[in-house]
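Each chain, letter by letter, is given below.
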Amino acid sequence: MSVPSEFGVRESELVELVVPNDLQSAKKLEDRILAELARCRYEPDVTFGIKLAFEEAVTNAVKHGNNNDASKQLVVRYAVNPERTVIMVRDEGRGFSPARIPDPTRDENLERPRGRGIMLMRAYMTRVHFNQAGNEVWLLKTNPRPGGPCSS
Amino acid sequence: MEQPSSHLKIRRADGVSVVEFADRKILEELSIQEIGEELQQVVESEPSIKLLLNFKNVDHLSSAALGMLITLNKKVKEQNGTLKLSDINRQIFEVFKITRLNRVFEIHETAEEALARFQA
């Protein structure tokens with residue numbers, strides 16, 4: 001799917017990268033995105049949240065979407081500007097229904113070891129949008145304190 | 001007493017096993033699995049263990065790491081032990097609060113404070 005209109009970036013602003021389905025490759029993408037955030041003077045707390053949400057999205061894609069299958073690929077698209085960061089992560093899996101993940105913050109679920117990734121994404125991001133199949137997640141973070149133009 | 005280990009630094013203080021993480025970031029699936037296994041071994045080697053996890057070297061966390069800690073906590077309880085956490089930085093403590101896991105774990109500001117509570 002294309003970028004949700006309410007995310008406020010144009011398709012042409014998005015950089016697309018395709019990497020093998022492993023966390024080391026994903027880490028290199030993360031480093032590129034973090035470099036962009038630094039270049040655009042995002043504050044450490046905002047960067048922390050974006051990094052956390054991206055890692056949760058990637059971990060879900062690698063482990064659950066692509067089943068740790070090294071022959072599969074991840075597609076990541078991103079755009080960073082002083083006002084907002086948009087990141088998309090897509091896997092080759094059949095997807096899932098986010099609504100069916102139980103709320104991990106309910107008392108009866110607190111001691112379950114799994115199921116916190118999506119709630120953390122939602123907690124730290126301004127918007128989280130899944131495509132209908134559930135194999136593509138779009139993250140939007142609007143920068144609460146833009147630090148001026150990105151350095152070149 | 002310090003045991004050689006790739007991910008953990010372990011010392012004894014007043015009957016408490018104090019664990020510090022060698023990795024600043026407990027993220028990569030593999031590291032989490034290995035850290036979890038190392039910690040399980042520490043717990044299994046000492047019934048009724050008093051275990052303090054010091055987070056002073058940790059500046060990042062993931063849901064998988066939280067899951068590992070929950071599983072560890074259950075194991076400690078099964079063995080009638082006690083687990084406390086300390087020195088969690090502000091950003092990471094926020095993750096505990098958002099997930100409400102600050103209610104599951106006993107968290108102290110400093111290792112000294114946690115050690116004192118073990119003796120209380």
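Our structure's up above, just so we're on the same page.
Fair warning: this is a prediction, and the values are worked out from it, not measured in the lab.

So, on to the packing of helix H2 (residues 44–65) of chain A against helix H3 (residues 117–124) of chain A. Residue and element names in this part refer to chain A. As a packed pair, H2 and H3 sit with axes 9 Å apart at the nearest point and diverge in direction by 150°. Considering the angle they form, H2 stands roughly antiparallel to H3. Crossing of H2 over H3 shows left-handed handedness. Two secondary-structure elements touch here, H2 through Gly-49, Leu-52, Ala-53, Glu-56, Ala-57, Thr-59 and Asn-60 and H3 through Gly-117, Leu-120, Met-121 and Tyr-124. Its residues placed into classes, the contact of H2 with H3 shows six nonpolar, four polar and one charged.

Attention shifts here to the environment of B:Arg12. Residue and element names in this part refer to chain B. Structurally, Arg-12 can be placed in strand S1 (residues 8–13). A residue is classified by how many C-beta atoms lie within 10 Å of it, and Arg-12, with 11 of them, is exposed. Considered as a pair, Arg-12 and Leu-52 are 40 residues apart in the sequence and their alpha carbons are 9.9 Å apart.

On to the interface of chain A and chain B. As a measure of interface size, the accessible area lost when the parts come together is often cited. Counting residues at the interface gives 16 residues for chain A, matched by 18 residues for chain B. Elements supplying a minimum of two residues to the side of chain A that touches chain B: H2 and H3 of chain A. In terms of residues, the side of chain A that touches chain B owes the most to one element, H2(A), which gives five residues. Of the residues in the side of chain A that touches chain B, the class split is seven nonpolar, three polar and six charged.

Now for the nonpolar core. A:Ala53, A:Ala57, A:Ile87, A:Val89, A:Met121 and A:Leu139 are the most contacted members of the largest nonpolar core, which totals 36 residues. Only helix H1 (23–39), H2, strand S2 (73–80), strand S3 (84–90), H3 and strand S5 (136–142) of chain A provide two or more residues apiece to this core. Per element, the largest residue contribution to this core is nine residues, and it comes from H2(A). Residues B:Val19, B:Leu53, B:Phe55 and B:Leu72 belong to the second largest nonpolar core, which totals 28 residues.

A few words now on unusual backbone geometry. All names here are of chain B. Not every positive phi belongs to a glycine, and Ser-48 is a case in point at roughly 60°. Examined against the element boundaries, Ser-48 turns out to sit in the loop between helix H1 (29–44) and strand S3 (50–54). Even without glycine at this site, Arg-100 takes up a positive phi of about 65°. In this fold, Arg-100 is placed in the loop between helix H3 (90–98) and strand S5 (106–108). Since 14 C-beta atoms lie within 10 Å of it, Arg-100 is described here as partly exposed.

All names here are of chain B. Ordered in space as S1-S2-S3-S4-S5, the five strands form an open sheet in which the pairing is mixed. Unpaired on one side and paired on the other, S1 and S5 mark the two borders of the sheet. Between one strand and the next, the sheet's axes are offset by a mean angle of 25°, whatever the strand orientation. Taken together, the five bridges between S3 and strand S4 (residues 82–86) define a ladder with parallel strand orientation. Considered in S4, the bridge of Leu-53 is made with Leu-85.

Residues and elements named next belong to chain A. Spatially, S1-S2-S3-S5-S4 is the arrangement adopted by the five strands of the open sheet, whose pairing is antiparallel. Unpaired on one side and paired on the other, strand S1 (15–20) and strand S4 (127–130) mark the two borders of the sheet. Going across the sheet, the axis of each strand differs from the next one's by a mean of 15°, ignoring polarity. Judged from the seven bridges that link them, S3 and S5 form a sheet pairing that is antiparallel. Bridge pairing links Arg-84 to Thr-142 in S5. H1 rests against S1, S2 and S3 of the sheet, and its axis sits at about 0° to S2. Docked against the sheet, H2 engages S2, S3 and S5, running at close to 180° with respect to S5.

Turning next to the environment of A:Val75. All names here are of chain A. Note that Val-75 resides in strand S2. On the basis of neighbour counts, which here come to 16 C-beta atoms within 10 Å, the residue Val-75 falls in the partly exposed class. A sequence separation of 14 residues divides Val-75 from Val-89, and the C-alpha atoms of the two residues are 5.8 Å apart. When near neighbours in sequence (up to four residues on either side) are disregarded, Val-75 contacts Glu-16, Val-18 and Arg-90.

Next up on the list: helix H2 (residues 63–78) of chain B. With 16 residues, H2(B) ought to run about 22 Å at 1.5 Å a step, and its terminal C-alpha atoms sit 23 Å apart, in line with that. Taken together, the buried positions of H2(B) are B:Ser63, B:Ala64, B:Ala65, B:Leu66, B:Met68, B:Leu69, B:Ile70, B:Leu72, B:Asn73 and B:Val76.

Calculation rules
Residues numbered from 1 in each chain as written. Chains lettered and ligands numbered in written order. Predicted model: local features only at pLDDT ≥ 70, side-chain atom pairs only at ≥ 80, totals over all residues. Axes fitted to C-alpha atoms, helices over the stretch in contact; angles between N-to-C directions. Helix = DSSP H or I, 4+ residues; strand = E, 2+ residues; numbered from the N terminus. Parallel < 35°, antiparallel > 145°, perpendicular 65-115°, else oblique. Left-handed = near helix turned anticlockwise from the far one by under 90°. Contact = placed C-beta atoms within 7 Å. Nonpolar A, V, L, I, M, F, W, Y, C, P; charged D, E, K, R; others polar. Buried ≥ 20, exposed ≤ 12 C-beta atoms within 10 Å, placed from the backbone. Core = buried A, V, L, I, M, F, W, Y, C linked by C-beta atoms within 7 Å. Pairing = 2+ DSSP bridges. Expected span 1.5 Å × (residues − 1).

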